[in-house]
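Letter by letter, the chains look like this.
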Amino acid sequence: MPTSHNGWLRAVLDSPAKVELLAFFYLNQYTVDDAAGLSRWLGLDLEKVSIAAEELSQAHILTKIGEGKDAVFTLNRDEKIQEAVENFIKTYYLPLDQRHQILSDLLQGRTIPRD
Amino acid sequence: MTKISTGIPGLDDVFMGGILKGDAVLVQGTPGAGKTTLGLQFIYHGAKFCNEPGMVITFEEFPQQMYRDALNFGWDLQALERENKLRIISTSPGVFQRQVQDAQGIFQQQAREMKVQRIFLDSVSHFQRITTDPVQLRELMNSFLNTLKQGGFTTLLTQEVAHEERGVVSFEQYVVDAVIRIFVLEVRDFDRKRFIEVLKARGQNFISGKHAMQINEQGMRVYPRPMARRLYRASSAAVADSARRVPTGIGGLDRMLEGGLIEGFSALVAGDPGSSKTNFALQFLAEGVTQGERGLFIALRESPQKLMNSARSIGLNLEQMVNDGNIHILHHSPIQIDPDALYWEIEETLQKQTFKRVVLDSLTDLEPSFHDDIKRLRDYVYALIDLFTQHNITSIVTRQVGEETADKEVVESDLAMVFDTILALRLRRIQDHIRKTLVLLKVRGSNHDSGVRLFKVSNEGILVETKFEPTSRFLRQLQRL
Ligand SMILES: Nc1ncnc2c1ncn2[C@@H]1O[C@H](COP(=O)(O)OP(=O)(O)O)[C@@H](O)[C@H]1O
């Protein structure tokens with residue numbers, strides 16, 4: 001069963017595609033899309049995304065509605081799961097994402113916001 | 001039928017109160033035109049201020065990008081999501097279509113739970129990912145719009161267009177209730193300007209034509225095209241005879257004008273650079289102050305400080321008049337000012353405070369923004385003068401007119417119609433001296449030639465003096481105006 005510790009989640013997230021997918025859902029919480037749509041949003045290979053989405057739904061992190069290639073995925077809104085996802089993303093993913101943002105801002109000549 | 005606010009200041013005025021509740025409105029434009037901004041502002045306004053929860057369906061732009069862009073305008077969309085007043089849903093056209101066909105689908109379920117009233121779909125161009133067959137596309141769009149109608153939602157849909165022409169009418173334009181088009185046009189060399197035009201609005205009136213639109217830190221704003229409320233009629237001599245005269249305070253000129261300008265009408269002071277047009281205007285406002293009439297100086301040419309210096313050199317203490325609240329200076333750099341935005345600022349100023357005299361210095365500074373659209377310039381000037389007339393304000397508008405005006409003759413006679421009085425100020429070499437000369441080209445609606453007068457500018461003000469006989473060539477030049 002999921003708990004608010006990150007351990008189980010880290011065990012589930014055993015591929016880069018899963019991490020990317022989870023981060024996408026975390027940042028875009030109300031996404032409703034099928035595997036093909038998700039692969040388009042992420043710019044990742046359809047097969048990898050299909051497997052990742054399937055496994056994340058088996059781990060109850062995503063909710064799968066329907067079957068086959070028309071099945072759509074949403075983020076599970078269970079509080080405990082949300083909390084675990086948030087912890088994970090904030091610890092492992094966002095710092096990286098922010099670095100990307102700063103880099104891309106720099107490249108586009110935008111100023112970096114100061115906290 | 002109920003109208004609802006779009007949340008875009010000015011756009012509701014274009015729609016004469018707002019868009020019809022339950023309508024589907026298509027927003028067309030090239031990439032970067034501002035379609036998404038318009039849609040998000042519509043949704044934010046509804047959710048935040050009208051108790052109308054909203055749903056955004058996006059096929060391409062990431063919700064996270066929308067949150068970020070919106071925050072730059074000060075709109076916290078995620079806070080609204082936490083309050084269940086908003087959902088931004090990223091999805092694919094195919095998923096969306098399948099779900100919408102099913103009454104128990106995710107979108108309808110969400111919409112029911114949240115009592116969604118406004119929907120923003122960005123963009124219908126992506127339906128082509130489902131099919132490129134025009135017949136199927138049309139059916140798809142129709143069934144989708146029907147579902148929206150049944151749900152009672154007010155919907156904004158964006159559509160990307162490849163370029164600015166509006167020749168091609170897409171089928172989407174036929175099936176929606178209203179179509180808004182955003183245009184991005186080049187003005188001056190490197191300056192781009194946004195306009196918005198309502199191409200159709202079923203079952204309601206709207207103000208036709210292109211309206212200036214701006215995006216700044218506060219979001220989007222539309223400046224409805226200034227329009228004269230009625231057809232302009234130049235004052236007839238009969239009306240004018242009984243009308244009150246408004247003295248200009250310029251020695252000699254008031255006598256030529258049989259007492260002054262006509263109350264509630266406008267005079268054009270046209271002439272060479274350096275011919276004292278601004279001084280004429282200053283003297284006119286200062287005379288008002290001595291008569292207890294407040295004046296508004298719309299300064300597009302000179303800063304308030306420079307104006308005060310000019311005034312001092314003709315013996316007027318403008319600074320004092322400003323400090324006493326008798327004259328208000330509205331200053332904008334002509335490079336930054338959008339004429340339509342200026343019009344609405346003037347309108348607001350005249351609503352808030354009472355003025356009896358107004359000066360616009362100068363029309364020339366506004367002209368480049370019209371990009372040789374002569375009709376638009378003329379409508380603008382008519383609207384502005386009409387605004388002054390509605391407030392019973394007597395006004396002077398200055399305009400620079402060089403010697404090479406022949407090719408613009410048509411425009412000028414067109415523009416001239418709105419002015420009751422026209423003065424031409426010219427610098428002329430007379431007997432080896434540069435002299436300032438004045439000719440009254442039009443008085444009280446009729447063409448008029450009082451001959452050429454010399455005038456002097458000194459620290460005691462402006463004085464129009466002796467008449468002199470010009471050569472016929474010189475007169476012809478003056479009358480080109
Ligand atoms: N604070 C701002 N000041 C001025 N312009 C802005 C500001 N924020 C965004 N914009 C402009 O608004 C436009 C936004 O376009 P967008 O709504 O995404 O267009 P579309 O959806 O039509 O592609 C961009 O061209 C950007 O330059």
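Computed from a predicted structure; not experimentally measured.

Engineer: Explain the overall build of chain B here, please?
Structural biologist: Scanning chain B from terminus to terminus reveals 17 helices and 23 strands. In chain B, which comprises 481 residues, the proportion classed as buried is 56%. When contacts within chain B are restricted to residue pairs at least 6 apart in sequence, those whose partners lie at least 24 apart make up 69%.

Engineer: Honestly, the confidence of the model for chain B in this entry has me stumped. Any pointers?
Structural biologist: Predicted coordinates in regions of low pLDDT should not be interpreted in detail. All names here are of chain B. Mean pLDDT for chain B: 88, with 89% of residues reaching 70 or above. Scored below 50 in pLDDT, residues 234-238 makes eight contacts in the model with residues more than four places away or belonging to other chains. The low-confidence segment residues 406-411 (pLDDT under 50) makes four contacts with residues lying over four places distant or belonging to another chain.

Engineer: In this structure, what is going on with the environment of Gln-64 of chain B? I would like to understand it.
Structural biologist: Checked against the element boundaries, Gln-64 of chain B lands in helix α3 (residues 63-72). Separated by 24 residues in sequence, Gln-64 of chain B and Ile-88 of chain B place their C-alpha atoms 9.2 Å apart. For Gln-64 of chain B, the residues in contact, after removing those within four places along its chain, are Leu-27 and Asn-28 of chain A.

Engineer: Quick question: what am I supposed to make of the packing of helix α3 (residues 35-42) of chain A against helix α4 (residues 46-58) of chain A here?
Structural biologist: Helix-helix packing: each pair is described by the crossing angle between the helix axes and the interaxial distance. All names here are of chain A. Where α3 contacts α4, the axes come no closer than 9 Å and their chain directions differ by 115°. Every pair of crossing elements has a handedness; the one defined by α3 and α4 is right-handed. Listed contacts from α4 to Ala-35, Ala-36, Leu-38, Ser-39 and Leu-42 of α3 are Leu-46, Val-49 and Ser-50. Its residues assigned to classes, the contact of α3 with α4 shows six nonpolar, two polar and no charged.

Engineer: Before we go on, may I ask you to explain the interface of chain A and chain B in this structure?
Structural biologist: It is common to give the size of an interface as the accessible area that goes away when the parts come together. Between chain A and chain B, the residue contacts involve 18 residues of the former and 23 residues of the latter. Between chain A and chain B, a total of about 1700 Å² is buried, with carbon and sulfur atoms accounting for 52% of that surface. The largest share of the area that chain A buries against chain B comes from Tyr-30, Val-32 and Trp-41 of chain A, three residues that together contribute 44% of it. Applying the counting criterion to the chain A and chain B interface returns three salt bridges. For the pair chain A and chain B, the number of links is six residue pairs in polar contact (both at pLDDT 80 or more). Of all the secondary structure elements, the ones that give two or more residues to the side of chain A that touches chain B are α2 (16-27), β1 (33-34), α3, β3 (72-75) and α5 (79-107) of chain A. Broken down by element, the residue count for the side of chain A that touches chain B peaks at three residues, all from α3 of chain A. For the side of chain A that touches chain B, a count of residues per class yields seven nonpolar, five polar and six charged.

Engineer: Sorry if this is basic, but what is going on with the domain arrangement of chain B here?
Structural biologist: Residue and element names in this part refer to chain B. Domains assigned within chain B are domain 1 (3-223) and domain 2 (236-480). For the interface between domain 1 and domain 2, the tally reads one salt bridge. Note that Asp-338 is salt-bridged to Lys-193, the shortest N-O span being 2.8 Å. Counting only elements with at least two residues in the side of domain 1 that touches domain 2, the list comes to β8 (178-187), β9 (191-201) and β10 (211-216). Taken together, the residues of the side of domain 1 that touches domain 2 sort by class into four nonpolar, one polar and four charged.

Engineer: Please explain the pattern of salt bridges as it appears in this structure.
Structural biologist: Where side chains of opposite charge bring their charged atoms close, a pairing between them can arise. Residues and elements named next belong to chain B. Summed over the entire model, instances satisfying the criterion amount to 27 salt bridges over all chains. The partner of Glu-52 in a salt bridge is Arg-118, with the nearest N and O atoms 2.8 Å apart. Taken together, the positions of Glu-52 in the loop between α2 (35-49) and β4 (54-58) and Arg-118 in strand β6 (residues 118-122) put the pair 66 residues apart, joining distant regions of the chain. Taking the relative accessible area as the measure of exposure, Glu-52 reaches 10% and is therefore buried. Assessed through its relative accessible area of 0%, Arg-118 is described here as buried. Close ionic contact of Glu-319 with Arg-312 constitutes a salt bridge, the shortest N to O distance being 3.9 Å. Among the ionic contacts, a cluster of salt bridges with common partners joins Arg-244, Glu-263, Glu-293, Lys-356 and Arg-357.

Engineer: Whenever I open this one, the pairing of strand β17 (residues 357-361) of chain B confuses me. Can you help?
Structural biologist: The side chains of a regular strand alternate, residue by residue, between the two faces of the sheet. Residues and elements named next belong to chain B. The buried fraction of β17 amounts to five of the five residues, a majority that puts the element mostly inside the structure. Residues of β17 alternate between two faces, with Arg-357, Val-359 and Asp-361 on one and Val-358 and Leu-360 on the opposite face, all of them buried. Here five bridges tie strand β15 (residues 295-299) to β17, and the two strands are oriented parallel to one another. For Ile-298, the partnering residue across the bridge sits in β17 and is Leu-360. As paired strands, β17 and strand β18 (residues 394-400) are joined by four bridges and run parallel to one another. Note on β18: the bridge partner recorded for Arg-357 is Thr-394. Following the backbone out of β17, through helix α15 (residues 374-390) and into the adjacent parallel β18, one traces a crossover that is right-handed.

Engineer: What's the story with the pairing of β10 of chain B in this structure? I'm lost.
Structural biologist: All names here are of chain B. Bridge count for β9 against β10 is three bridges, and the pairing is antiparallel. If you follow Ile-196 over to β10, its bridge partner there is His-211. Pairing of β10 with strand β11 (residues 219-223), which is carried by five bridges, proceeds in the antiparallel orientation. Across the sheet, the residue bridging to Gln-214 is Arg-221, located in β11.

Engineer: Teacher, can you tell me more about the site of the ligand here?
Structural biologist: All names here are of chain B. The ligand sits among 13 residues. The nearest are Gly-32, Lys-35, Thr-36, Thr-37 and Ile-215. With respect to the ligand, the side chain of Lys-35 contributes an N or O atom lying 2.7 Å from an oxygen atom. In the environment of the ligand, a nitrogen atom lies 3.4 Å from a nitrogen or oxygen atom belonging to the backbone of Ile-215. Protein chains shield 63% of the accessible area of the ligand, which is 580 Å² for the free molecule. When contributions to the shell around the ligand are tallied by element, the ones reaching two or more residues are α2 and β10. Examining the composition of the shell around the ligand, we find that three residues originate from one element, α2, more than from any other.

Calculation rules
- Residues numbered from 1 in each chain as written.
- Chains lettered and ligands numbered in written order.
- Predicted model: local features only at pLDDT ≥ 70, side-chain atom pairs only at ≥ 80, totals over all residues.
- Heavy atoms only, no water.
- Helix = DSSP H or I, 4+ residues; strand = E, 2+ residues; numbered from the N terminus.
- Buried < 20%, exposed > 50% of the residue type's maximum accessible area, 1.4 Å probe, protein only.
- Contact = heavy atoms within 4.5 Å.
- pLDDT = per-residue confidence, 0-100.
- Axes fitted to C-alpha atoms, helices over the stretch in contact; angles between N-to-C directions.
- Left-handed = near helix turned anticlockwise from the far one by under 90°.
- Nonpolar A, V, L, I, M, F, W, Y, C, P; charged D, E, K, R; others polar.
- Buried area = accessible area lost by both parts, 1.4 Å probe.
- Salt bridge = Lys/Arg side-chain N within 4 Å of Asp/Glu carboxyl O.
- Polar contact = N/O pair within 3.5 Å; in protein donor to acceptor, adjacent residues only side chain to side chain.
- Domains from an automatic or database assignment.
- Pairing = 2+ DSSP bridges.
- Right-handed = clockwise from strand over helix to strand, strands pointing away.
- Near = heavy atom within 4 Å.
- Areas by Shrake-Rupley, 256 points an atom, 1.4 Å probe, with all protein chains shown as cover.

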